[in-house]
Amino acid sequence: SQQAVNNLRSAANFQWYLVPLLALVLYVYIVEIERKRWDIVLTAFGFFCAELVWEMFNALVLHISNRSAMWTTPGDTAYLIFVGLTIEISLMFAVAGIGFLKLLPEDRKSKILGLPNRLFYAIVFGGFCVFVEVILNQWGVLVWEYSWWSWPHIWLILLVYIGGFYVLALIFDRTSLKTKIIMCSACFSAAVICFLVFAKALKWI
């Protein structure tokens, strides 16, 4: 935890590979904007903003407990945004929602292996994300301190990931474009306000 705090939002570790990574993320969004897929763009960007809020909540766990966040990323990174979020992970989440939504079948009612396809893909995506996190944890670059959020007790982590992707699919399917704009704006505003309050003003995260 102390190592992560020491590296927090320091530009000393900047690496130039961030520039092409950012360009790739922008390209993904530009392609969807060009196709006028505002439903995908708004839902995915709102998902990304909600992820930032979730990461700030995790950082608050460290501040409140004075021990550890639920997860920390104290290893090498070009930029550590929060104690559990590197810039590399952040860019991944920026496009993860788009990838998930583009994979969903047009027929919302079709089933795969007996499961509603939205739930099936949420399980697949969520399960894959947790699989990657388990590997990162075993490598020591993603630290899980608490027994209830750690290997082999990963059910809560699975629930968060699968639930997050499933809710993302429901929002994509069942809300109008106007509602998507409102929800995306709300998530973006929440992320900005939380950062200004907890990171800048209070300096808790």
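Placed above this text is the structure.
First things first, this report covers the structure right here in the doc. Keep in mind that what you see is a predicted model, and the values were worked out from it rather than measured.

Looking at the pattern of salt bridges
If charged atoms from side chains of opposite charge come close, those side chains can pair.
So, step 1. One pass over the full model with this rule turns up six salt bridges.
So, step 2. Between Arg35 and Glu32 there is a salt bridge whose closest N-O contact spans 3.6 Å.
So, step 3. Residue Glu32 is classed as buried on the basis of its relative accessible area, which comes to 3%.
So, step 4. Between Arg67 and Glu145 there is a salt bridge, with its nearest N and O atoms 2.6 Å apart. Taken together, the residues span a long stretch of sequence, with Arg67 in the loop between α3 (38-65) and β1 (71-72) and Glu145 in the loop between β6 (143-144) and α6 (155-174) at a distance of 78 residues.
So, step 5. Using a relative accessible area of 49% as the deciding quantity, one classes Arg67 as partly exposed.
So, step 6. Here the salt bridges do not stand alone but share partners, grouping Glu32, Arg35 and Lys102 into one network.

Details of the packing of aromatic side chains
So, step 1. One pass over the structure, following the stated rule, counts 15 aromatic pairs.
So, step 2. Ring geometry for Phe45 against Phe48: centres 6.1 Å apart, planes inclined by 45 degrees, an arrangement best described as tilted. Of the two residues, Phe45 and Phe48 are both situated in helix α3; the distance of three residues between them amounts to about one turn of the helix.
So, step 3. Through successive ring pairs, a cluster of aromatic residues spans Phe47, Phe100, Phe125 and Phe165.

Section: a nonpolar patch on the surface
So, step 1. On the surface, a cluster of nonpolar side chains totalling about 340 Å² of accessible area is made up of Ile33, Trp38, Leu177 and Ile181.
So, step 2. Mapping Ile33 onto the fold places it in helix α2 (residues 18-34).
So, step 3. According to the relative accessible area criterion, Ile33 is partly exposed, its value standing at 34%.

Describing α3
So, step 1. If you check α3, its first and last C-alpha atoms are 41 Å apart, about what 28 residues at 1.5 Å a residue would give, namely 40 Å.
So, step 2. Once α3 ends, the next one or two residues include Asn66, with phi positive near 55 degrees.

As for helix α5 (residues 117-139)
So, step 1. With 23 residues, α5 extends 33 Å between its outermost C-alpha atoms, agreeing within 8% with the 33 Å of an ideal straight helix rising 1.5 Å per residue.
So, step 2. Gly140 lies just past α5 and shows a positive phi near 85 degrees.

What about the layout of surface pockets?
So, step 1. The space that makes up the largest pocket amounts to roughly 810 Å³.
So, step 2. As for the largest pocket, its lining consists of 34 residues, of which Phe47, Glu51, Phe93, Tyr161 and Phe165 are closest to the centre.
So, step 3. Every element with two or more residues in the lining of the largest pocket is listed here: α3, α4 (87-103), α5, α6 and α7 (177-201).
So, step 4. With eight residues, the single largest contributor to the lining of the largest pocket is α3.
So, step 5. The class makeup of the residues in the lining of the largest pocket is 26 nonpolar, four polar and four charged.

Parameters and conventions
Residues numbered from 1 in each chain as written. Predicted model: local features only at pLDDT ≥ 70, side-chain atom pairs only at ≥ 80, totals over all residues. Heavy atoms only, no water. Salt bridge = Lys/Arg side-chain N within 4 Å of Asp/Glu carboxyl O. Buried < 20%, exposed > 50% of the residue type's maximum accessible area, 1.4 Å probe, protein only. Helix = DSSP H or I, 4+ residues; strand = E, 2+ residues; numbered from the N terminus. Phe/Tyr/Trp six-rings, centres within 6.5 Å; stacked < 30°, edge-to-face > 60°. Patch = residues over 30% accessible without salt bridge, like charges linked within 9 Å, V, L, I, M, F, W, Y side chains within 5 Å. Areas by Shrake-Rupley, 256 points an atom, 1.4 Å probe, with all protein chains shown as cover. Expected span 1.5 Å × (residues − 1). 1 Å grid on protein atoms, 1.4 Å probe; cavity = no way out; pocket = protein on both sides within 12 Å on 5 of 7 lines; lining within 4 Å. Points joined across faces, edges and corners; volume = space filled by probe spheres on them. Nonpolar A, V, L, I, M, F, W, Y, C, P; charged D, E, K, R; others polar.

That's the geometry; what it means functionally is another story.
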